[in-house]
Structure formats: structure tokens, C-alpha cells
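# Observations on the three-dimensional arrangement
As a plain string of letters, each chain reads:
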Amino acid sequence: MTSSGLRRDAGPDGARVVAMLRELADLTSDEAGAQRVAWTGVWQKARAFLREQLRGLPVTVRTDAAGNQWARLPGGGSGVVIIGSHLDSVPDGGWLDGAYGVMCAVEVLRSLAARGPLPCPVALVEWADEEGARFGHSLFGSSAVAGTLNVAEVRELADASGLRLGDVVAEHGVHLDRLDEARQEIRGARAYLEAHIEQGPVLEREGLPISAVSGTVGVERHRVTFRGQTAHSGSTPMDMRRDTFLAAAATALAVRESAVRHRGVGTVGAARLRPGIVTAVAGETAILVDQRHPDAGALEAMRGEVRRAAEEAARAEGCAVSWEPVFQTAPQPFAAGLVDVVREVCTELTGHARVLPSWALHDATPMAGAVPTAMLFTSSAKGISHAREEDTPEDHLRLGVEAFYRTVCRVIARSAGGDAAG
Ligand SMILES: [Zn+2]
């Protein structure tokens, strides 16, 4: 026994995690990549694969009112420690995004189950629809559990074929009117811990296999629409145009400038021109602007700068501009005490105490608002994710499993000691 009351054991098998991930990829990918889009048959196949991996463990497996799968390992006392991630992918996605964290959690459960009675319960969660690939709404299951999902807003969302979210999730046993019931899953929870690939190039660039994560950055998304005058591309003199695309293009440059100035990121990922033909000056152009920063003040400054730049660009081109919020989330710092645990473990294993912000959102983002939360990152080869090229060196994946296991053990031990992990 250790001082925390947990028996020592052989620990987790990182190679088994890699083997499970390869098997899952074989089951749910085609030549274009992973196809585990939420609320589809392939996704259900992935979830059945998870249940198979859990078979034989002393866990209760069930699905909550929001469609999240839970596997609960009993332990003494109250205050469950929750570990997990998501199995859904974007279309043509990678083999590790989300699935790595779920399979890490399976292996941790297996190791914990082998070491005898636990001082507190531990639950694996596999979140439903993290990516929002089909309906454009990310973090469905985790935000339902955290109590931040706007049901009225998601009810009417439709996929590319016009099917409504409310109807599709009902086919998977999720009823929007009962979604609130999912909130009871985290009542009294001590901690939420998630392992994930970085999905960016920072760890690889710094030669590090793993790191702690300080939190997720704030995100501001807006649709900016410029309205001018559609006119003939040939017969309209250059000085008599009200060209909305030029105003949008100038705004896109300002998005980049502002992001560089504040050391944030900014993207114009979509533009729609009307009428969108080569023989007409575009009378209307709408762009989608995504801006991110770990600091709320800097994010606010970036948003203000781009808004002023859009107004100036519109004026210069004789256009009107409107600015419509699409999505917004504040920077979400993780629980300092838990981030310290992850950092300590990473330092033990690598000799480095690096802590990175996450520039992508995760299920840990809504969870951090409800339960003390932390994350562990594993490097991403070339920083590529959401693509079939997504990869991580196998030794980094295995080290991440060990680091995640040690983190969970330490958090459980702290829970047993009555030391809140905030
Ligand atoms: Zn993910």
C-alpha cells in the first residue's frame, strides 16, 4: 500500500492503448480518414467497440439523457473523478483526435480495477458529438452535462440534407426535452481529466512529447456581411463600383494583422459572394471571422480592431456592413491545483515543466465551468489534425498514457485525503 491507501501495481500498458486505437481506426476509417461523425452508424460502431473494450471490467456502463456513455468503477466515499474524451470525428478525420483520450481512460480504468478498492469512484465518459461536424454545433454532450447547452438554439439546426437535429438525436435515444437530466451525472464530481493530442505544432517544435494545459482560449466568431451594388464586370468603371468583396478582403487582412499584433489567432475561413459569378461585381459578400486568444482583454481588443477595420473598409468601397455574432466562448482557465498535478507528472517523466494553452476547444471547456478540470497534451506530428495525416509518435502516445495514469492516481489520492483538487 502507498500512503494514499492505493496498492502499487504494474500500471497501464501504453502499447495496448495504441493497439486499441489502431483497431478502432481499421473499423471506422476509409481511405480518406476516420468517418466517426456523431449520430451516424459508424459512430455507433465506434461506441460498440468501446463497450467491448470495457467488457470484463467491474464497471457499470450506461448512456445518459444527452447520449454520453459512462462506465463507472465503484469506490469508497463520494466525489467521483471523471476521465474521458470523445469518439466522434470530423469527416475524413484522424485516428487520434478524441479517441486517444477515450482509450487512455479505458486503460486507466483497467489498471485501477486491477489494484483493488478505490478511495473514490472513477467514471469514464465518452462524450456525444464533440465535433459538431453534422449540425455545426460543437460540444453537445459535454455542454448538456455542464448545463450550458441552449436547447432552443440546437433544436432547429439541420444537417446538409435538411434533417433536423432534434429528430436525428431522437433516433439515437436522446430527447431534447429531457436533456437537463444529464446534469445530474456530474453532481458532486471532484475532477474532470482529459488526455488529448495537441492538434498544433508547439510541442513538436519544442521537442516535447507531452505537456500540461493551462486552459482553453476564448473564441469570438462573427458573420460580417457587406452590402454594395451588383453591377456588370465589364461596363462598370473602376471608380464607380461598390465592390463588397474588396471590403471583405481588406477586413480579412485586418483579421491577420490584429491577430499577429496581439499574438492571438484570427481566420476568415469562409466567404460567400452574391451573385458569385465572374461577370458581376459582388453586390453582397459575407465572411465568417474566427478570433481566439487566451486573454479576454486581448480578445476584446482584437474584436474591436477588426470591427473598426470592417467599417472603414466598407466606407472606402461605398458599402454598408453588418456584424452578427455566431459563437462566443470566454477563455476558460483550468483548475490551478489540477494543472499543477499534470505539470508535476510531466516534469517527472520528461524533465520539462511546459504548460500550454489549448487553442482548440475541447469537452473540457464546458466541463471546466462546472467541475475542477485539467488536460494533458500529447504532441501532434507536424501539428496536423482533423485530417487523415493526423499522427503522433508511438512513444509519445505511450508516455501520455503513463502520465495520464499517474495524474489520475494522484488526484484520487488527494480526493481520499479530503484535499479538494481545485
Ligand atoms: Zn477532440
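Look up: the structure comes first, before these words.
Attention in this report is confined to the structure presented alongside it. The structure presented is a predicted model; accordingly, all values stated were derived computationally and were not measured.

Conventions used here
Residues numbered from 1 in each chain as written. Predicted model: local features only at pLDDT ≥ 70, side-chain atom pairs only at ≥ 80, totals over all residues. Heavy atoms only, no water. Phe/Tyr/Trp six-rings, centres within 6.5 Å; stacked < 30°, edge-to-face > 60°. Helix = DSSP H or I, 4+ residues; strand = E, 2+ residues; numbered from the N terminus. Buried < 20%, exposed > 50% of the residue type's maximum accessible area, 1.4 Å probe, protein only. Contact = heavy atoms within 4.5 Å. Core = buried A, V, L, I, M, F, W, Y, C linked by side-chain atoms within 4.5 Å. Axes fitted to C-alpha atoms, helices over the stretch in contact; angles between N-to-C directions. Parallel < 35°, antiparallel > 145°, perpendicular 65-115°, else oblique. Left-handed = near helix turned anticlockwise from the far one by under 90°. Nonpolar A, V, L, I, M, F, W, Y, C, P; charged D, E, K, R; others polar. Salt bridge = Lys/Arg side-chain N within 4 Å of Asp/Glu carboxyl O. Pairing = 2+ DSSP bridges.

Quick look at the packing of aromatic side chains now. One pass over the structure, following the stated rule, counts 4 aromatic pairs. Taking 5.4 Å as the distance between ring centres and 85° as the angle between the ring planes, the aromatic pair formed by Trp39 and Phe140 counts as edge-to-face. Highlighted residues: Trp39 in the loop between β2 (33–34) and α2 (41–54) and Phe140 in helix α4 (residues 140–146), separated in sequence by 101 residues. Trp39 sits in the buried class, given a relative accessible area of 2%.

Before going further, it helps to examine the side chain of Glu220. For Glu220, the location among the structural elements is in strand β9 (residues 218–227). Overall, the relative accessible area of 6% leaves Glu220 in the buried class. Excluding its chain neighbours within four sequence positions, the residues that come into contact with Glu220 are Val289, Asp290, Gln291, Leu299, Arg303, Phe327 and Gln328.

Membership of the largest hydrophobic core comes to 97 residues, with the highest contact counts inside it found for Trp39, Met103, Leu109 and Leu112. At 10 residues, the largest contribution of residues to this core is made by helix α3 (residues 99–114). For Met103, the residues in contact, after removing those within four places along its chain, are Val17, Met20, Leu21, Leu24, Phe49 and Leu87. Formed by 13 residues, the second largest nonpolar core is a distinct cluster that contains Ile287, Ala313, Ala314 and Cys319.

A pair of packed helices is captured by two measures, namely the crossing angle of their axes and the spacing between those axes. It is the contact of helix α8 (residues 244–262) with helix α9 (residues 296–316), at a shortest axis distance of 9 Å, that shows an interaxial angle of 155°. As the angle between them shows, α8 and α9 are arranged roughly antiparallel. The two elements α8 and α9 cross, and the hand of that crossing is right-handed. Along the contact surface, α8 presents Ala247, Ala250, Thr251, Ala254, Val255, Ser258, Ala259, Arg261 and His262, while α9 presents Ala298, Ala301, Met302, Glu305, Val306, Ala309, Ala310, Ala313 and Ala314. Counted by class, the contact of α8 with α9 contains 13 nonpolar, 3 polar and 2 charged residues.

Right, let's get into the pattern of salt bridges. Oppositely charged side chains can pair when the atoms bearing their charge come close. Inspection of every chain in the model, using the stated rule, returns 27 salt bridges. Between Asp340 and Arg343 there is a salt bridge, with its nearest N and O atoms 2.9 Å apart. In this pair, Asp340 and Arg343 both sit in helix α10 (residues 336–350), 3 residues apart, roughly one turn of the helix. You can call Arg343 partly exposed: its relative accessible area is 28%.

It is worth spelling out the sheet that holds β9 at this point. Spatial ordering of the open sheet is given by β11-β13-β9-β14, a layout of 4 strands whose pairing is antiparallel. The strands lining the two open edges of the sheet, one partner per strand, are β11 (265–274) and β14 (320–329). For this sheet the average axis-to-axis angle between neighbouring strands, irrespective of direction, equals 15°. Pairing of β11 with strand β13 (residues 284–293), which is carried by 9 bridges, proceeds in the antiparallel orientation. For Ala270, the partnering residue across the bridge sits in β13 and is Leu288. The strands touched by α8 within the sheet are β9, β11 and β13, with β13 carrying the most contacts at an inclination of about 5°. Contacts from α9 reach β9, β11, β13 and β14 within the one sheet, and its direction differs from that of β13 by about 160°.

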